Amino acid sequence: MCFTPAVSLSIAIFEALVATFILLYFKKSTLHKSLVVFLYVLGFYQLTEFFLCTTSNPFLWAKLGFITYSFLPALGLYYALDYLRKKIYLIPIFVIPVATSIFVLINSNFISLAACGSFFVTTRNMFMGHWIGAVYLVYYFGFICLIAIFLILHAIKKKGVKRQLDIIVLLALVLSLFPPIILIFILPSLKIMFPSIYCEFAVLFAFAALWGFYLDFKSQSQKKNK
């Protein structure tokens, strides 16, 4: 969440514009699908926070926000494997976020608190303090670790631009995956109020994505000129 709903909406629009620019300008990039989808998903998350603070149904938008960032680790692992051209098994990757989304949608009392202040956003959900929440955290951190391992091992074998791209993809995914679970799940469960700074991570991700596409585009251009 950002400091004000207007900033949150602005970040959502910014991420949509960056993603659309990448779609139109870097059509042949090897990073094309993965980072673009992440930009749109992060933009949608910003929209859920905007509507949480500006509509009369904050609990619905808190649910949609929870579902959105629940898919981030699965999408991150899927696109990391796709980027590395490894075999992908959809069911093991997406079974937890899909099951989580169904559980969230069918439980009307999943969100117990959704409030928007000037500098703080407070949400409480059924997973906090429950063993299911522990399973959720294992899924979230486990997928982040798998992404990091795959990309680091791949980067070690590469040199030059290819290694830089691996590092940028890793940093970009980490920027998009860690903040939700820390700022929105763990700290509130410990009853710690957190400053609404998730939008800053989203902006950093957008710039990391642009830099990665630029390096990839530059590398491909140099190959053509040889």
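Calculation criteria
- Residues numbered from 1 in each chain as written.
- Predicted model: local features only at pLDDT ≥ 70, side-chain atom pairs only at ≥ 80, totals over all residues.
- Heavy atoms only, no water.
- Helix = DSSP H or I, 4+ residues; strand = E, 2+ residues; numbered from the N terminus.
- Contact = heavy atoms within 4.5 Å.
- Areas by Shrake-Rupley, 256 points an atom, 1.4 Å probe, with all protein chains shown as cover.
- Buried < 20%, exposed > 50% of the residue type's maximum accessible area, 1.4 Å probe, protein only.
- Expected span 1.5 Å × (residues − 1).
- Bend = angle between axes of the 7 residues up to and from the residue.
- Axes fitted to C-alpha atoms, helices over the stretch in contact; angles between N-to-C directions.
- Parallel < 35°, antiparallel > 145°, perpendicular 65-115°, else oblique.
- Left-handed = near helix turned anticlockwise from the far one by under 90°.
- Nonpolar A, V, L, I, M, F, W, Y, C, P; charged D, E, K, R; others polar.
- Arc of directions from axis to C-beta.
- pLDDT = per-residue confidence, 0-100.
- Core = buried A, V, L, I, M, F, W, Y, C linked by side-chain atoms within 4.5 Å.

Moving on, we come to the overall build of the protein chain. Secondary structure summary: the protein chain contains 7 helices and 2 strands in total. Partitioning the contacts of the protein chain with sequence separation of at least 6, the portion at a separation of at least 24 is 73%. For the protein chain, the accessible area works out to roughly 11,300 Å², and carbon and sulfur atoms hold 72% of it.

This part takes up the side chain of N107. In this fold, N107 is placed in the loop between helix 4 (90-106) and strand 1 (111-116). A relative accessible area of 18% means that N107 is categorised as buried. Contact partners of N107, with chain neighbours within four places excluded, come to K63 and M126.

Here we take up helix 3 (residues 58-83). Since there are 3.6 residues in each turn of an α-helix, residues three or four apart along the chain are aligned in direction. With 26 residues, helix 3 ought to run about 38 Å at 1.5 Å a step, and its terminal C-alpha atoms sit 36 Å apart, in line with that. Along its length, helix 3 shows its largest kink, about 30°, at P73. For helix 3, the tally of buried residues reaches 20 of 26 residues, placing the bulk of the element in the interior.

What follows covers the packing of helix 3 against helix 5 (residues 131-157). Here helix 3 crosses helix 5 at 25°, and the two axes come no closer than 10 Å. Our classification of the angle between helix 3 and helix 5 gives roughly parallel. With respect to the hand of their crossing, helix 3 and helix 5 are arranged in left-handed fashion. For the pair helix 3 and helix 5, the contacting residues are F66, Y69, S70, F71, L72, P73, A74, G76, L77, A80, L81 and Y83 in the first and Y136, Y139, Y140, F143, L146, I147, F150 and L151 in the second. In terms of residue class, the contact of helix 3 with helix 5 is built from 18 nonpolar, 2 polar and no charged.

With that settled, consider helix 1 (residues 5-25). Compared with an ideal rise of 1.5 Å per residue, which puts 21 residues at 30 Å, helix 1 spans 30 Å between its outermost C-alpha atoms and is within 8% of the ideal. Burial in helix 1 covers these residues: S8, I11, A12, E15, V18, A19 and I22. Across the axial projection of helix 1, the buried residues extend over an arc of 130°, all falling on one side. Seen from the buried face of helix 1, the exposed residues on the opposite side, beyond 90 degrees, are A6, L17 and L24.

Per-residue confidence for the protein chain averages 77 on the pLDDT scale, and 70% of its residues sit at or above 70. Summarising per-element confidence for the protein chain, the mean pLDDT is lowest in helix 7 (residues 198-225) (64) and highest in helix 4 (93).

Attention now goes to the nonpolar core. Counting 39 residues, the largest nonpolar core has L72, Y140, L151, L173 and L177 as the members making the most contacts within it. It is helix 3 that provides the largest number of residues to this core, a total of 13 residues. Discounting chain neighbours no more than four positions away, the residues touching L177 are F38, L72, P73, Y140, I144 and I147. Counting residues in hydrophobic clusters, the runner-up holds 7 residues, among them V18, A19, I22 and L39.

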